[in-house]
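# Notes for the structure review
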Amino acid sequence: MGKTITEKIFETHLRDTPSPGNVVLGIDVVMCHEITTPIAITDLMERGMDRVFDPARIKAVIDHVTPSKDSKTATQAKILRDWAARHNIKDFFDIGANGVCHALFPEKGFIRPGYTVIMGDSHTCTHGAFGAFAAGIGTTDLEVGILKGVCAFKLPETMRINIIGALPAGVYAKDVILHIIKTLTVNGATNKVIEFTGPVVDNMSMESRMTLCNMAIEAGGTCGVCLPDRVTAEYLWPFIKDEYPTIDAAADAFTRWHSDPDARYAASLTVDVSKLAPQITFGYKPDQVKDVTEMVGTRIDQVYIGSCTNGRIEDLREAAGILKNRRLASGVRGILSPATPAVYAQAMTEGIINIFMNAGFCVTNPTCGACLGMSNGVLAAGEACASTTNRNFNGRMGKGGMVHLMSPATAAATAVAGHIADPRPYMNG
Amino acid sequence: MKEFSGPALFLDRNDINTDEIIPAKYLTEITKKALAPYILEDLKLEGFDPKSQAMAQAGVIVTRANFGCGSSREHAVWVLEVNNINMVIAEGFARIFRQNMFNCGMLALEMSGRDIDALFALGKEVTLFADINAGRLTVTGRTAEGGTREQSFSFELDAFDRDLLLAGGWLEYADKNY
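Notes on the structure follow. (Residues numbered from 1 in each chain as written. Chains lettered and ligands numbered in written order. Predicted model: local features only at pLDDT ≥ 70, side-chain atom pairs only at ≥ 80, totals over all residues. Heavy atoms only, no water.)

### Re the overall build of chain B
Helix and strand counts for chain B stand at 7 helices and 7 strands. In terms of overall dimensions, chain B is globule-like: its C-alpha atoms have a radius of gyration of 16 Å, near the 16 Å expected for 178 residues. Overall, the C-alpha framework of chain B stretches about 50 × 35 × 25 Å when taken along its three principal axes. Scored against the burial criterion, the 178 residues of chain B give a buried share of 57%. Contacts in chain B between residues far apart in sequence, at least 24 positions, make up 64% of those at least 6 positions apart. When the accessible surface of chain B is totalled, it reaches about 7200 Å², and 44% of it is carbon and sulfur. (Helix = DSSP H or I, 4+ residues; strand = E, 2+ residues; numbered from the N terminus. Rg over C-alpha atoms; globule rule 2.2 N^0.38 Å. Buried < 20%, exposed > 50% of the residue type's maximum accessible area, 1.4 Å probe, protein only. Contact = heavy atoms within 4.5 Å. Areas by Shrake-Rupley, 256 points an atom, 1.4 Å probe, with all protein chains shown as cover.)

### Observations concerning the environment of Val30(A)
Residues and elements named next belong to chain A. Mapped onto the secondary structure, Val30 falls in strand E3 (residues 29–33). Sequence separation between Val30 and Leu14 is 16 residues; the distance between their C-alpha atoms is 16 Å. Ignoring sequence-local partners within four residues, the contact set of Val30 consists of Phe53, Arg57, Ile58, Lys59, Ile118, Leu142, Gly145 and Ile146.

### Observations concerning the packing of helix H2 (residues 37–46) of chain A against helix H5 (residues 139–148) of chain A
Residues and elements named next belong to chain A. Running from amino to carboxyl end, H2 crosses H5 at an angle of 60°, the nearest separation of the two axes being 9 Å. Compared by their axis directions, H2 and H5 come out oblique. Handedness of the crossing formed by H2 with H5: right-handed. The segment H2 lies against H5, with Thr37, Ile39, Ala40, Asp43 and Leu44 engaging Thr139, Leu142, Glu143, Ile146 and Leu147. Of the residues belonging to the contact of H2 with H5, the class tally is 6 nonpolar, 2 polar and 2 charged. (Axes fitted to C-alpha atoms, helices over the stretch in contact; angles between N-to-C directions. Parallel < 35°, antiparallel > 145°, perpendicular 65-115°, else oblique. Left-handed = near helix turned anticlockwise from the far one by under 90°. Nonpolar A, V, L, I, M, F, W, Y, C, P; charged D, E, K, R; others polar.)

### Here we look at the packing of aromatic side chains
Two aromatic rings are characterised by how far apart their centres lie and by the angle between their planes. Under the criterion given, the structure shown has 19 aromatic pairs over all chains. Judged by centre distance (6.0 Å) and plane angle (85°), the ring pair of Tyr244(A) and Phe254(A) falls under edge-to-face. Highlighted residues: Tyr244(A) in the loop between helix H9 (230–240) and helix H10 (247–254) and Phe254(A) in helix H10, separated in sequence by 10 residues. When its relative accessible area of 4% is taken as the criterion, Phe254(A) is described as buried. Members of the aromatic cluster, joined through ring pairs, are Phe160(B), Trp170(B), Tyr173(B) and Tyr178(B). The ring of Phe110(A) carries the charged tip of Lys59(A) above its face, separated from the ring centre by 4.2 Å. (Phe/Tyr/Trp six-rings, centres within 6.5 Å; stacked < 30°, edge-to-face > 60°. Lys NZ or Arg CZ within 6 Å of the ring centre and 35° of its normal.)

### Regarding the sheet that holds strand E1 (residues 14–19) of chain A
Residues and elements named next belong to chain A. Spatially, the 3 strands line up as an open sheet ordered E1-E2-E8, and their pairing is antiparallel. Because the sheet does not close on itself, it has two edges, and the strands there are E1 and strand E8 (150–154). Going across the sheet, the axis of each strand differs from the next one's by a mean of 25°, ignoring polarity. When strand E2 (residues 22–26) meets E8, the two strands line up antiparallel, connected through 5 bridges. From the neighbouring strand, Val24 faces E8, where its bridge partner is Ala152. (Pairing = 2+ DSSP bridges.)

### Describing the layout of surface pockets
All names here are of chain B. Estimated volume of the largest pocket: approximately 460 Å³. Contributing to the lining of the largest pocket are 20 residues, with Ala8, Leu9, Phe10, Ala54 and Lys124 lying nearest its centre. Looking at the lining of the largest pocket, the elements with two or more residues in it are strand E1 (5–11), helix H2 (53–57) and strand E5 (126–131). The element contributing the most residues to the lining of the largest pocket is E1, with 5 residues. A class-by-class count of the residues in the lining of the largest pocket yields 11 nonpolar, 4 polar and 5 charged. (1 Å grid on protein atoms, 1.4 Å probe; cavity = no way out; pocket = protein on both sides within 12 Å on 5 of 7 lines; lining within 4 Å. Points joined across faces, edges and corners; volume = space filled by probe spheres on them.)

### Things to note about the pattern of salt bridges
Residue and element names in this part refer to chain A. Under the counting rule described, the total for this entry stands at 35 salt bridges over all chains. A salt bridge links Lys8 to Asp260, with the nearest nitrogen and oxygen atoms 3.0 Å apart. One end of the pair, Lys8, is in helix H1 (residues 5–13); the other, Asp260, is in the loop between H10 and strand E12 (267–272), and 252 residues separate them in sequence. Given a relative accessible area of 14%, Lys8 falls into the buried group. Salt-bridge contacts for Asp50 lead to Arg86; the nearest nitrogen and oxygen are separated by 2.8 Å. (Salt bridge = Lys/Arg side-chain N within 4 Å of Asp/Glu carboxyl O.)

That is the geometry; function is a separate question.
The following block contains the structure:
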C-alpha cells in the first residue's frame, strides 16, 4: 500500500505511539510569536522548567501587535524578547526585522520539504505549501514542543483536492481556496490534511501555494500540503544551494516526499477553476462564499490588504495593478500592511508603495494588525471591511464589524469603486 | 484529575468559533484568571446572554458540531477553566480546540448527533456527571412534580485521551514519558 506525503513525514518523525491511532512526532521547527508564547514561557518558569530543546530549531517573532500598543502588549513582547536572549535563540525577529510569521519564516528558508512544524497559531498550515507537515497548536503543545521537541497527533486522514483547468484573468489562489472552503464547509476537513494537487497547483508560485494552504484551517483542516517540486526548489535555492548541485537535483530529491500513486485518501475531489469568478464572503463564517458579482455594490468603510494570507509581494503587485493611477473612493479608508520588511522593501523598489500612497492608502509596518482586531485598523460597530485576510468571524476585526474576505485584486477594485466591486473590469487599464 | 460535572449550559448552534469564546482583544492578558469575565462575549446566538445566571452557574457546555473552530488560542479553553467549566460535550470539535482541552486535563466529549439531540431534549435545568473510567454520562434533572429523574448515556474515550486526563494534562504526561 502506497503512502501519502503526510504518512511519509509521520513515519520519518515517529517517536512514540502512546495508543493505537495516536502518535508523538519529533518536531523540526517550533515557531513562536508574542501572543501565545509568553504564557507558555511564564508557565514553564513557574514550574521550574525554563529550558528549550534546541535553540537552533526554535524561531520567534513579535508580529501580532508591533510596535507594542500598550503596557500589556509591551510586556508580552518583553517576555518573548528576554526568553529568546536567555536561551540564545538566534532566529528572533524584533522591530525593524519583524513581519507576519507565516510570511517571514518561509522567506528566511526555515521550512523545508518533509519537515514537521508547529506553532501556537492556527495558520501554521501555511507552511504545508513547502511539502511540510505544519500544524497550529495550543500553548500546552507549544510548551512541550519548546521543552522536548515533540508533539502528539492523532493519525490524520488525507483529503486530496485536484485542481484542474486554467485560472481565468482576475481569479487567484484566494478565490480558489474560498471556493473550496464553500464546497467543503468550515467542518469539512476537520482532522484531515488537505493535499492540493493538479496542474493549477503545479503552475502556482510559492506565494500562491501559501495562500492556498493558509486557509486549510478554515475548512477545519489540520494542514494544507502541496507536493514539493521545482518551484519549491527555486524558492528555497538560496538556502539549500550547498546541499544540492543544482536546482533540478533538489527538485528530484524532493520527490521522495511525494504521495505514492496507490496512496489511500479519505476523499478525493476535483475542482475545475476554468469558469471560477472572483469569490467573496458574505457572513460570519469563511464558508459563506459567493461570486463577487452577487455582492457588487455592497457598502464598505475600510479596505485592508495584508496578512499571512495575502500580504506577500505577489499580492501587492496584484492590487497595485488595479490601483495604479486611481484613487480610493471618498469615504473609504485604505490600509496596506506589507507582510514582511523584504516585501515592503521590494514594493518600494517596484514603485508599488507609491501607487498605494498615491491612491490614498495608509501604509503600515509589517504586522498582523487589523486581521484579528488587535491593533491598527480595528472597525467600529456597524462598519464593514473588504479584507484580504482569512477570517470573517463575528467581532474578528472589531466588535460589531463585518469582514468580507476576498483577493487583493477584488479588494483593490472595491477600494476604487467605494463598494464591493468585480476586479475584472479594472484590469489592464 | 479534574472533576467533569456540573449544571449544563446548552448552546444550540454549530461552528461556535474561538473568537466568539474569547475575542482576540483579550489575548494580551498574561494570566488565565484575567480572561474570566469575557467568556463567550461575542457569541452569536439568539437569546444568549454571557452575563446570565445560567452562564455563571454552568459547569458543563453542551453544544452541536465543530465547537471551537478557528484560532489555536488555548485561551478558549482557559476561559472555560477559570469559569469552572471542565467539560464540553459536542457532536464534534475542531482539532486544535479538542487537543487543547485534553492537554489541559479537560474533557472534550464527542457524542453522536442522536445523543446530543437527546441531551438537548432533556430540558435546560440538568446536571451532568461524566465517569471517565466507566464511560458513563449521567444526567440528573427535575420532574414536573418536583422529584428528580436520571438518565445515562455511554461513551467511549480514546486510551491516550484518557491518559492525558489522568496525568492532569500533556505537559505532565510528556515530562514523565519523553
